[in-house]
Amino acid sequence: MNTSADGSRRIAIIGSGFAGLCLAIQLKKRGVESFTIFEKAGRIGGTWRDNTYPGACCDVPAFSYCFSFEQKTDWSRKWAPQSEILEYMESCARKYDLARHIRFNTEIAGARWDADENVWRLKTAAGEEVVADVLVSGVGQLNRPSIPKIEGLENFKGVSFHSARWRHDVDLTGRDVAVIGNAASAIQFIPVIAPQVRKLSIFQRSANWMVERGDRAYTDAEKERFTRHRILALAYRWLIYFQHEINWPIFRRVKFFVERTQKMCEQYRRSTLKDPKLQESQLPDYPFGGKRMLISDDYFPALNRENVEVVLGGIDRVTENALVTKDGRTIPADVIVLATGFQSTSFLAPMAINGVGGRSLNDEWNGAARAYLGITVAGFPNLFLMYGPNTNLGHNSIIFMIECQANYILGCLEEMDSRGLASIELSRDVMESFDTRVQRELQRTVWAATGKSWYKTEDGRITNNWSGSTIRYWWESRHADLSLYHQRVRARVTERIARPLETAAHHAAD
Ligand SMILES: Cc1cc2nc3c(=O)[nH]c(=O)nc-3n(C[C@H](O)[C@H](O)[C@H](O)COP(=O)(O)OP(=O)(O)OC[C@H]3O[C@@H](n4cnc5c(N)ncnc54)[C@H](O)[C@@H]3O)c2cc1C
Ligand SMILES: NC(=O)c1ccc[n+]([C@@H]2O[C@H](COP(=O)([O-])OP(=O)(O)OC[C@H]3O[C@@H](n4cnc5c(N)ncnc54)[C@H](OP(=O)(O)O)[C@@H]3O)[C@@H](O)[C@H]2O)c1
């Protein structure tokens, strides 16, 4: 993308998680300064700012859970803790001088496409209007906690909080703690808090597949070697990438791979859990990979503890000081931790996004989010989504997908610049045929063979996961082919786009 006056499009990026930062850095690397990141919180980091629960760490090895163009070589452990990942993100932001591009504590409430001017008119939650030529959403799939509808929860007199909003001011020492949920978040904090609490009751609705993690700290010598010989770090990253990528056939239900993996999990389950009843309670009723596989060295050992109980049978209601199960048991609790996941299928909600003719993205999707490569949507010109619909993975790092998406967006912007285009809008035929193909392919995956999960809408449509390998995603997204888009040529070029976004924003606010 060129940096001359007529190349400096005003780009609004919503969110400062890995996605927003990735695009911002890539813009910077190309000399583009005319972008602003809007962040509703007071700090960057997204997932890694919000999830500070004890034991939080990545579940793909840290060497592949960082930007390929900013490879960190001195990770403390194979699966790095949350604080180290957040610090990594902050160091990237410092290195590329992103702070001056970020407007913190600025939530975007909505955006409206102005077809006369070929601009997006964004509205902040405070009512300010901001004008941008290009709008990029980096709001993530796992940003808004899901609070279960359980009778009486609102009347609980103890403390209750969601795992993604951990109350560090609440001392759990010697307390009776109830955890609702037993998936990826729960299994990370349960082993840490179990030795501290008096009684820990885990309310499990479904058992999940557990893989032994084999975590360890990197030695100083290893860190030094990776830092001195960057080629080694790169080779290691690719090794991890391919070790994960070869697991894709599991998700495509290739029998040999599924059976081999399930057998390995079986062995681990039986050898780690002492009590046969407990062993049985941890046997999933869906194929491996159908929900997020869990990776932990310390969750099953924590279940063996005297003060930990797995409560089956479902929650009927919550009283002022206890949880009552459907089979009539009353389990007292001082604290309830909701490890109940996120509102994952509503994507850009609650923002009101209105495209061509004022049509809202909610109406367009009608509960079934879809986008070409998870990035562009027919009827919404110059709107790009990162980590959008059908771009989540079960088997590899999301950073890989985010980098592909940034590359695709940059390709679009460069093409727009070179052709003097004001806007591009995905052809509806392209979107429909892409979506039909993805949904057809998804029917052959473990996710289709599994009941409810955060990958699916209530009516069973898989809106979150990509339907193929990440190699194929890279292949399909490597070039921006503008022949798939309706194009509008620029008019009144220099006067409008030379104006930086911030100026427009402040002007509008005046
Ligand atoms: C606990 C946890 C652990 C995870 N571990 C892994 C892992 O190990 N490996 C992996 O590949 N993936 C993991 N994931 C998935 C993870 O979400 C992605 O890897 C990645 O961090 C997503 O980045 P993002 O920028 O797309 O979204 P997010 O990190 O969710 O960032 C979105 C940002 O947008 C901001 N925002 C949202 N709405 C608005 C608005 N209206 N206005 C302004 N700002 C807004 C939010 O405040 C936030 O900062 C994990 C998820 C969770 C919840
Ligand atoms: N790096 C990591 O290791 C890590 C850590 C945390 C999260 N993540 C990512 O974030 C995703 C979300 O993880 P998550 O654990 O926060 O959420 P999740 O996978 O959606 O799990 C939510 C848990 O809460 C249970 N639950 C939800 N509503 C309930 C209700 N009304 N009553 C009883 N139980 C209820 C679910 O049971 P059911 O299974 O029966 O629905 C499940 O056990 C993961 O899949 C992963 O991609 C990664």
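None of these values were measured; they are calculated from a predicted model.

Enquirer: Can you walk me through the overall build of the protein in this structure?
Expert: Counting its secondary structure elements, the protein contains 16 helices and 21 strands. Taken over the C-alpha trace, the protein has a radius of gyration of 24 Å; the compact-globule value for 510 residues is 24 Å, and the two agree within 12%. Taken over the C-alpha atoms alone, the protein extends approximately 75 × 55 × 45 Å along its principal axes. Of the contacts made within the protein by residues no fewer than 6 positions apart, 73% connect residues no fewer than 24 positions apart.

Enquirer: Where do I start with the domain arrangement of the protein in this structure?
Expert: By the assigned domains, the protein splits into domain 1 (11–44 + 98–144 + 343–489) and domain 2 (153–208 + 246–338). Here domain 1 and domain 2 have C-alpha centroids that lie 33 Å from each other. Across the boundary between the two partners, domain 1 contributes 17 residues, which contact 15 residues of domain 2. Interface area, domain 1 with domain 2, both sides summed: about 1,400 Å², of which 61% is carbon and sulfur. Applying the counting rule to domain 1 against domain 2 returns 0 salt bridges. Here the side of domain 1 that touches domain 2 is composed, by residue class, of 6 nonpolar, 9 polar and 2 charged.

Enquirer: Just to check I follow, could you spell out the site of ligand 1 for this structure?
Expert: Lining the immediate surroundings of ligand 1 are 32 residues, of which Glu39, Thr47, Asp59, Tyr65 and Ile398 lie closest. Between ligand 1 and Lys40, the relevant distance is 3.1 Å, taken from a nitrogen atom to a main-chain nitrogen or oxygen of the residue. In this structure, an oxygen atom belonging to ligand 1 sits 2.9 Å away from a side-chain N or O atom of Arg49. If ligand 1 stood free it would expose 980 Å²; the protein chains cover 94% of that surface.

About the cut-offs
Residues numbered from 1 in each chain as written. Chains lettered and ligands numbered in written order. Predicted model: local features only at pLDDT ≥ 70, side-chain atom pairs only at ≥ 80, totals over all residues. Heavy atoms only, no water. Helix = DSSP H or I, 4+ residues; strand = E, 2+ residues; numbered from the N terminus. Rg over C-alpha atoms; globule rule 2.2 N^0.38 Å. Contact = heavy atoms within 4.5 Å. Domains from an automatic or database assignment. Buried area = accessible area lost by both parts, 1.4 Å probe. Salt bridge = Lys/Arg side-chain N within 4 Å of Asp/Glu carboxyl O. Nonpolar A, V, L, I, M, F, W, Y, C, P; charged D, E, K, R; others polar. Near = heavy atom within 4 Å. Polar contact = N/O pair within 3.5 Å; in protein donor to acceptor, adjacent residues only side chain to side chain. Areas by Shrake-Rupley, 256 points an atom, 1.4 Å probe, with all protein chains shown as cover.

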